[in-house]
Amino acid sequence: MPPTRAQKATGPEAGETVPPVVDLVLGASACCLACVFTNPLEVVKTRLQLQGELQARGTYPRPYRGFMASVAAVARADGLWGLQKGLAAGLLYQGLMNSVRFYCYSLACQAGLTQQPGGTVVAGAVAGALGAFVGSPAYLIKTQLQAQTVAEMAVGHQHNHQTLLGALETIWRQQGLVGLWQGVGGAVPRVMVGSAAQLATFASAKAWVQEQQWLPADSWLVALAGGMISSIAVVVVMTPFDVTSTRLYNQPVDRAGRGQLYGGLTNCMVKIWRQEGPLALYKGLGPAYLRLGPHTILSMLFWDELRKLAGRAQHQGT
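This structure is a prediction, so every number in the text was calculated from the model and none was measured.

What counts, and where the lines are drawn
Residues numbered from 1 in each chain as written. Predicted model: local features only at pLDDT ≥ 70, side-chain atom pairs only at ≥ 80, totals over all residues. Heavy atoms only, no water. Bend = angle between axes of the 7 residues up to and from the residue. Helix = DSSP H or I, 4+ residues; strand = E, 2+ residues; numbered from the N terminus. Buried < 20%, exposed > 50% of the residue type's maximum accessible area, 1.4 Å probe, protein only. Core = buried A, V, L, I, M, F, W, Y, C linked by side-chain atoms within 4.5 Å. Contact = heavy atoms within 4.5 Å. Expected span 1.5 Å × (residues − 1). Phe/Tyr/Trp six-rings, centres within 6.5 Å; stacked < 30°, edge-to-face > 60°. Axes fitted to C-alpha atoms, helices over the stretch in contact; angles between N-to-C directions. Parallel < 35°, antiparallel > 145°, perpendicular 65-115°, else oblique. Left-handed = near helix turned anticlockwise from the far one by under 90°. Nonpolar A, V, L, I, M, F, W, Y, C, P; charged D, E, K, R; others polar. Polar contact = N/O pair within 3.5 Å; in protein donor to acceptor, adjacent residues only side chain to side chain. Salt bridge = Lys/Arg side-chain N within 4 Å of Asp/Glu carboxyl O. Patch = residues over 30% accessible without salt bridge, like charges linked within 9 Å, V, L, I, M, F, W, Y side chains within 5 Å. Areas by Shrake-Rupley, 256 points an atom, 1.4 Å probe, with all protein chains shown as cover.

(A) Local environment of helix α4 (residues 119-147). Along α4, the sharpest change in direction is near 60 degrees and occurs at Gly 135; proline Pro 137 comes one to four residues later. Extensive coverage of α4 is indicated by the burial of 23 of its 29 residues.

(B) Focus on the nonpolar core. By size, the foremost hydrophobic cluster in this structure holds 16 residues, and its most contacted members are Ala 89, Tyr 93, Ile 141, Ile 171, Val 191 and Tyr 249. For this core, the secondary-structure elements that each account for two or more residues are α3 (87-110), α4, α5 (164-175) and α6 (184-212). Among the elements that make up this core, the one with the highest residue count is α4 (six residues). For Val 191, the residues in contact, after removing those within four places along its chain, are Tyr 93, Met 97, Gly 128, Ala 132 and Ala 196. Ranked by size, the runner-up nonpolar core spans eleven residues in total, among them Leu 50, Val 74, Ala 147 and Met 153.

(C) Unusual backbone geometry, seen in detail. Within the chain, Leu 54 stands out as a residue other than glycine whose phi angle is a positive 55 degrees. With respect to the secondary-structure elements, Leu 54 resides in the loop between α1 (20-50) and α2 (67-78). Of note, Asn 160 is a non-glycine position whose phi angle comes to about 60 degrees, a positive value. When you line up the elements, Asn 160 lands in the loop between α4 and α5.

(D) Seen up close, helix α7 (residues 220-250). Across its 31 residues, α7 extends only 38 Å between first and last C-alpha, which sits more than 12% below the 45 Å expected from 1.5 Å per residue. At Met 238, α7 shows its maximal bend, which comes to roughly 50 degrees, and the proline Pro 240 appears one to four places after that position. Burial within α7 is extensive, with 22 of its 31 residues counted as buried.

(E) Representation of the packing of aromatic side chains. By the definition in use, this model includes three aromatic pairs. Ring geometry for Tyr 93 against Tyr 139: centres 4.8 Å apart, planes inclined by 65 degrees, an arrangement best described as edge-to-face. Here Tyr 139 lies in helix α4 and Tyr 93 lies in helix α3, a separation of 46 residues in the sequence. By the burial criterion, Tyr 93 is buried, and Tyr 139 matches it. What links up through ring pairs into an aromatic cluster is the set Tyr 93, Tyr 139 and Tyr 249.

(F) The packing of α4 against α5, seen in detail. At a minimum axis separation of 10 Å, α4 and α5 run at an interaxial angle of 110 degrees. By the criterion of interaxial angle, the relationship of α4 to α5 is roughly perpendicular. Here the hand of the crossing between α4 and α5 comes out right-handed. From α4, Leu 140, Ile 141, Gln 144 and Leu 145 reach across to α5, where they touch Leu 164, Ala 167, Leu 168 and Ile 171. Among the residues making up the contact of α4 with α5, the classes are represented as seven nonpolar, one polar and no charged.

(G) Broad picture of the side chain of Gln 182. Inspection of the secondary structure assignment puts Gln 182 in the loop between α5 and α6. Relative accessible area serves as the criterion here: at 11%, Gln 182 is assigned to the buried category. Polar side-chain contacts of Gln 182 include one of 3.3 Å to the backbone oxygen of Gln 251. In contact with Gln 182, not counting residues within four places along its chain, are Ser 136, Leu 140, Gln 144, Gln 175, Leu 248, Tyr 249, Gln 251 and Val 253.

(H) The arrangement of the pattern of salt bridges in detail. Taken as a whole and assessed by the stated rule, the structure comprises ten salt bridges. A salt bridge links Lys 142 to Glu 42, with the shortest nitrogen-to-oxygen separation between them at 2.8 Å. One end of the pair, Lys 142, is in helix α4; the other, Glu 42, is in helix α1, and 100 residues separate them in sequence. Its relative accessible area of 4% is what places Lys 142 among the buried residues. We note a salt bridge from Glu 276 to Arg 247, for which the minimum N-O separation is 2.8 Å. Of this pair, Glu 276 sits in helix α8 (residues 265-276) while Arg 247 sits in helix α7, and the two are 29 residues apart along the sequence. Considered together, Glu 276 and Arg 247 belong to a single accessibility category, that of buried residues. Connected through shared salt-bridge partners, Glu 42, Lys 45, Lys 142, Arg 190 and Asp 242 make up one network.

(I) Inspection of the packing of α7 against α8 at higher detail. Packing of α7 against α8 brings their axes to within 10 Å, and their N-to-C directions diverge by 105 degrees. With respect to α8, the element α7 is oriented roughly perpendicular. Across the interface between the two elements, Pro 240, Phe 241, Val 243, Thr 244, Arg 247 and Leu 248 from α7 touch Leu 265, Cys 268, Met 269, Ile 272 and Glu 276 from α8. Per-class residue counts for the contact of α7 with α8 are eight nonpolar, one polar and two charged.

(J) Broad picture of a nonpolar patch on the surface. A grouping of Ile 232, Val 236, Val 237, Tyr 282, Leu 285, Tyr 289 and Leu 290 is seen on the molecular surface, where their side chains present a nonpolar patch of about 550 Å² in accessible area. Looking at the nonpolar patch, the elements that each hand over two or more residues are α7 and α9 (285-316). Within the secondary structure, Ile 232 is located in helix α7. By relative accessible area, which is 47% here, Ile 232 ends up partly exposed.

Shown next, in the form of structure tokens:
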């Protein structure tokens, strides 16, 4: 069944219409391309979020201080390639999570659900939740690999994985299939919030930029401007969930697969608030913005441009 175009659409679906299965491929490809450029920022963000875990401010050493100093610290400890730690797992996560996310969101657009009041936010949140669940094992391993470093620079629990496949084998052998979904309770709300903010604000921001007529309507700069605005909202609402998710994924577990530090999302947030202070929920905010901002901009820009190309190719083929 060919996709239908909603009248007076204001979101990404207002451009060239493509089938949901094409959006699956385009969304995953766009976010994987963005991941290659932003993975070093993810490494730095992960280290900052784990630094001083459950310790009061000022009572622990700080091997990572600020963005640029942290980049230099990672490079000194792990080499320049250390800035790309967990890249394979990150690409796997982006491919799994975003193929599901963009496919489900495209289905919602095709069905006209995003034209209903609040439909864009709800569709983005549900699509993000499904994508987060599917991609959770890859994000688990990505986080644990990125946290690993030499002893004097280590923050958080060190899992000592060697490779993506080695980590999968170790977790499977020690905890079984369920162990691969450790921390999913933090990942789902994290991506729900971030996905809803990203998809909803990108659609609105892009439509607003088009209405202002500052840029040519078919220019890639329209998508770039929309992504820049969208990234601000994503970072603000997502960072506390991002910090919590990082802690849940990286914590040590017992033989039964139960976390030894946190009992779940709410317990983790409460412990961070009480023992580290409320601002600790925004640890790594600078790198988070520098990572999420470009990632949002690049992924939405790549997605938007790829959709245009696919839509034109489909139109020429009919």
